[in-house]
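Examination of the molecular architecture
Here is how the chains run, residue by residue.
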Amino acid sequence: MPVIETEKLSKSFSRNEVVSSISLKVEKGEIFGFLGRNGAGKTTFVNMLTGITLPTSGRMLLLNNNNDIDQIKHRVGVLPDYSTFYDHLSAKDHLKYFCKVSGKPAATSKIEEVLRAVGLIGHEKKKVGKFSFGMKKKLGIAQALIHDPELLFLDEPTSGVDAESAIHIQRLILELQKNGKTIFMTSHNLDEVERICTRIAIMKEGHIHSTGTMKELKKKYQTRSRVQIKLSSHIKKEQKENIKNLLFSYSIEWKDSMLLVDVMAEEEIPTIVHALSKEGIDIFAVHVHEPSLQEIFLRQ
Amino acid sequence: MWAICFRECKDLFKGFKPVLIISILLGMAMVSTRLGAAFPDEIEGVTQKEMYTSGLTLTITLFGILFVFALSHSVVNKEIESKTIRFLVTKTSRNRILLGKFMGTVLFWLIIIGTCFTFITLTSRMFHLTNYIEIMIFLLYSISAAFLLSNTVPKSSQSMFIGLILALAIPGLSLWAYFSERWYIMWLKYVTPYYYTELAFPLQGVPLLFAALFIVLSLYLFKRRDF
Ligand SMILES: Nc1ncnc2c1ncn2[C@@H]1O[C@H](COP(=O)(O)OP(=O)(O)OP(=O)(O)O)[C@@H](O)[C@H]1O
Ligand SMILES: [Mg+2]
């Protein structure tokens, strides 16, 4: 059963279509990564799902409730893309207030647990007006978690926080997934998405350009792989010339004793290795370089 | 909804403006109770009982809209500006947010005017329930108008400016409309609350219909917004 389902969901701001007819399904327990350049429409899409903005057309279904988004709001947690808080309230006051608003008052122990989880313990009594950007982001995550939701929308959860906190937040997201929650997140940090997301969608100019698991995306975009073959460091000039003739149909490159060959398909690798050993050339290591999400993304 | 209501009410008590308004209202209540005590007999149709509350009634009639607008012109648009509304809108329904805020504001004024009337009741040893209700009807009209203003004007700086002009213009123009026979101004007395305060029981409540209309309109606008 999908937890998020959209059908031809679109949004226009005064005739300018920012999200165009997106149909998407996210299953329970996924960490769904939503990528795209600045202005691609990621936030607008998330905001429609969370009730912050209203769709121009299309249909959406969260947690299998097709009547009324208001009825499931207490089961959904949201970190909006940009937020300021009430400057005169402390972090703790915020969480207390938001809990009551969502109709699920929380115990002090729960509030402390969430503050600890996001790394704000020690700052809980400070007025939020004095918080740094990263601290506000953490409070934003805390308020998304405080009512223990089943489904979480996190719009750039780690942007603007320090490296250590970012790793901490990524761990937290993985932990939440382990506890059966579904997470829908946007990010500009491709390493992070590659590391923690189970499935990825890349958005471009309001459309979903491609979607799938990391493996599927790699397969789809892997037009050429680069094979790195480590040879003996005593390889001679004439041997190199030999290899060049042997692999005349490939584009090759040398990096000292490292032979770099571009192949179209993995199946070609054994042929190359075979040809080399037939020439009596010792092979120390073979490494196939796969494109990272970054390379896939940049090719969009 | 109640969380939003109590927060709104509590926040209204913060800062310099409410202190000023409360002092003015309490000050006027005190002055008029002195007046009531000094003139036990009826003067030009004004009874002693009316005298006791006259200060408060006069202040609210002249400045009620101004006070309410000063405190609540940005009740909605400020949260939209600062985007804190996103935290509320992702947690509860839009109806509950707006109605919660509305009830919080009403509660604030119930407490303020209630305090003034408690003071008057204690000094005059008379109950002034009708007067309390009259003033609250007037304030309900003003609060709903402030909500409509805050939902129509997107920026809080603009709603302050427009609110200020309206708060000064409405009493003046209504007075003109009250005495004028000219068609282009006469109608105004029927849409502002002053005219109805003179009337008897059921018609006295007409401003409440306007208040309801303003709130329904505000809800309609609020529900169609992107935040
Ligand atoms: N309220 C609005 N009114 C008009 N245009 C808007 C509004 N909000 C967003 N847009 C436009 O919609 C497009 C998509 O914006 P959106 O914020 O969804 O992008 P994004 O993918 O989240 O970008 P980023 O990576 O910078 O967060 C942009 O061109 C933006 O200018
Ligand atoms: Mg964004």
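Quick caveat: nothing in here was measured; it's all calculated off a predicted structure. (Residues numbered from 1 in each chain as written. Chains lettered and ligands numbered in written order. Predicted model: local features only at pLDDT ≥ 70, side-chain atom pairs only at ≥ 80, totals over all residues. Heavy atoms only, no water.)

1. Remarks on the domain arrangement of chain A
Residues and elements named next belong to chain A. As a reminder, the rule being used: Note: domain ranges come from an automatic or database domain assignment. Here, two residues are considered to be in contact whenever any of their heavy atoms come within 4.5 Å of each other. Here the quantity called buried area is the accessible surface, traced with a 1.4 Å probe, that two parts lose on coming together, added over both. Here, a salt bridge means any Lys or Arg side-chain nitrogen found within 4 Å of an Asp or Glu carboxyl oxygen. Residues adjacent in sequence count toward polar contacts only when both atoms are side-chain atoms; beyond that, a polar contact is any pair of N or O atoms within 3.5 Å, and within protein one must be able to donate a hydrogen and the other to accept it. What counts as a helix is a DSSP run of H or I of at least four residues, what counts as a strand is a run of E of at least two, and both are numbered from the N terminus.
Under the domain assignment, chain A is made up of domain 1 (2-212) and domain 2 (224-298). Inter-centroid distance (C-alpha atoms) of domain 1 to domain 2 is 45 Å. Counting residues at the interface gives eight residues for domain 1 and six residues for domain 2. Taken together, both faces of the contact between domain 1 and domain 2 bury some 620 Å²; the carbon and sulfur share is 75%. Between domain 1 and domain 2 we count zero salt bridges in total. Summed over the shared surface of domain 1 and domain 2, the result is zero residue pairs in polar contact (both at pLDDT 80 or more). Among the elements of the structure, strand E3 (31-36), helix H6 (190-196) and strand E8 (199-204) are those that each provide at least two residues to the side of domain 1 that touches domain 2. No other element matches the three residues that H6 contributes to the side of domain 1 that touches domain 2.

2. Observations concerning the sheet that holds strand E7 (residues 182-186) of chain A
Residue and element names in this part refer to chain A. Going by this rule: When DSSP finds two or more bridges between two strands, those strands count as paired. Axis lines are fitted to C-alpha atoms, over the contacting stretch for helices. Their N-to-C directions set the angle, which ranges from 0 to 180 degrees.
Sheet architecture is open: six strands sit in the order E5-E6-E7-E3-E8-E9, paired in mixed fashion. Bordering the open sheet on either side are strand E5 (76-79) and strand E9 (207-212), each of which pairs with just one other strand. Put simply, the sheet's adjacent strands are angled 15 degrees from each other on average, direction ignored. Inspection of the sheet shows E3 paired to E8 by five bridges, in the parallel sense. What sits directly across from Gly 33, in E8, is Ile 200. Most of the contacts of helix H4 (residues 133-145) go to E5, to which it runs at about 170 degrees, and overall it touches E5 and strand E6 (151-155).

3. Digging into the UniProt feature "transmembrane region" (unreviewed entry) in chain B
Residue and element names in this part refer to chain B. The criterion, for reference: UniProt positions are given in the numbering used here, feature names are shortened, and annotations may be inferred rather than shown by experiment.
According to UniProt, the feature "transmembrane region" (unreviewed entry) maps to residues 20-39, 51-76, 97-120, 132-149, 161-179 and 199-222 in the numbering used here. The span residues 161-179 is 100% helical and 0% strand by assignment, and the distance between its end C-alpha atoms comes to 28 Å. Across residues 199-222 one finds 88% helix and 0% strand; the C-alpha atoms that close the span lie 34 Å apart.

4. With respect to unusual backbone geometry
For clarity, the cut-off: A simple rule labels every residue: compare its accessible area, found with a 1.4 Å probe on the protein chains alone, to the largest value its type can have, and call it buried under 20%, exposed over 50%, or partly exposed in between.
Despite not being glycine, A:Leu63 shows a phi value in the positive range, around 50 degrees. Inspection of the secondary structure puts A:Leu63 in the loop between strand E4 (57-62) and E5. We classify A:Leu63 as buried; its relative accessible area is 12%. The backbone of B:Lys83 sits at a positive phi, close to 70 degrees, despite the residue not being glycine. Checked against the element boundaries, B:Lys83 lands in the loop between helix H4 (77-82) and helix H5 (85-89). A residue is classified by how much of its surface remains accessible, and B:Lys83, at 25% relative accessible area, is partly exposed.

5. Details of the nonpolar core
Using the following cut-off: Here, nonpolar core means buried Ala, Val, Leu, Ile, Met, Phe, Trp, Tyr and Cys residues that are tied together by side-chain atoms lying within 4.5 Å of each other.
By size, the foremost hydrophobic cluster in this structure holds 108 residues, and its most contacted members are A:Leu139, A:Ile200, B:Leu25, B:Trp109 and B:Ile113. The element contributing the most residues to this core is helix H7 (residues 129-152) of chain B, with 13 residues. Of the domains in this structure, domain 1 (2-212) and domain 2 (224-298) of chain A are the two that each give at least three residues to this core. Aside from chain neighbours lying at most four places away, what touches A:Ile200 is A:Phe32, A:Gly33, A:Leu35, A:Val193, A:Ser210, A:Thr211, A:Gly212, A:Met214, A:Leu217 and A:Leu293. Membership of the second largest hydrophobic core comes to 25 residues, among which are A:Val19, A:Ala40, A:Phe45 and A:Val78.

6. Things to note about the pairing of E5(A)
Residue and element names in this part refer to chain A. The alternating pattern of E5 places Val 76 and Val 78 and Gly 77 and Leu 79 on opposite faces, both of which are buried. Where E5 lies against E6, four bridges are found, and the strand directions are parallel. Counterpart to Gly 77 in the pairing with E6 is Leu 152.

7. Structural notes on the packing of aromatic side chains
Quick note on the threshold: Stacked, tilted and edge-to-face are the three classes applied to pairs of Phe, Tyr and Trp rings, where Trp contributes its six-membered ring and a pair requires centres within 6.5 Å; stacked means planes under 30 degrees apart, edge-to-face means over 60, and tilted covers the rest. Here, a charge over a ring is recorded when the distance from Lys NZ or Arg CZ to the ring centre is within 6 Å and its angle to the ring normal is within 35 degrees.
The tally for this structure, following the rule as stated, stands at 27 aromatic pairs over all chains. Between A:Phe85 and B:Phe87, the ring centres sit 4.7 Å apart and the planes meet at 20 degrees, which makes this aromatic pair stacked. One end of the pair, A:Phe85, is in the loop between E5 and helix H2 (91-101); the other, B:Phe87, is in helix H5, on a second chain. Here the two residues A:Phe85 and B:Phe87 agree in accessibility, since each one is buried. One Lys or Arg, A:Lys240, reaches over the ring of A:Trp254 and ends 4.7 Å from the middle of that ring. The side chain of B:Lys91 reaches across the aromatic face of A:Phe98, ending 4.8 Å from its centre.

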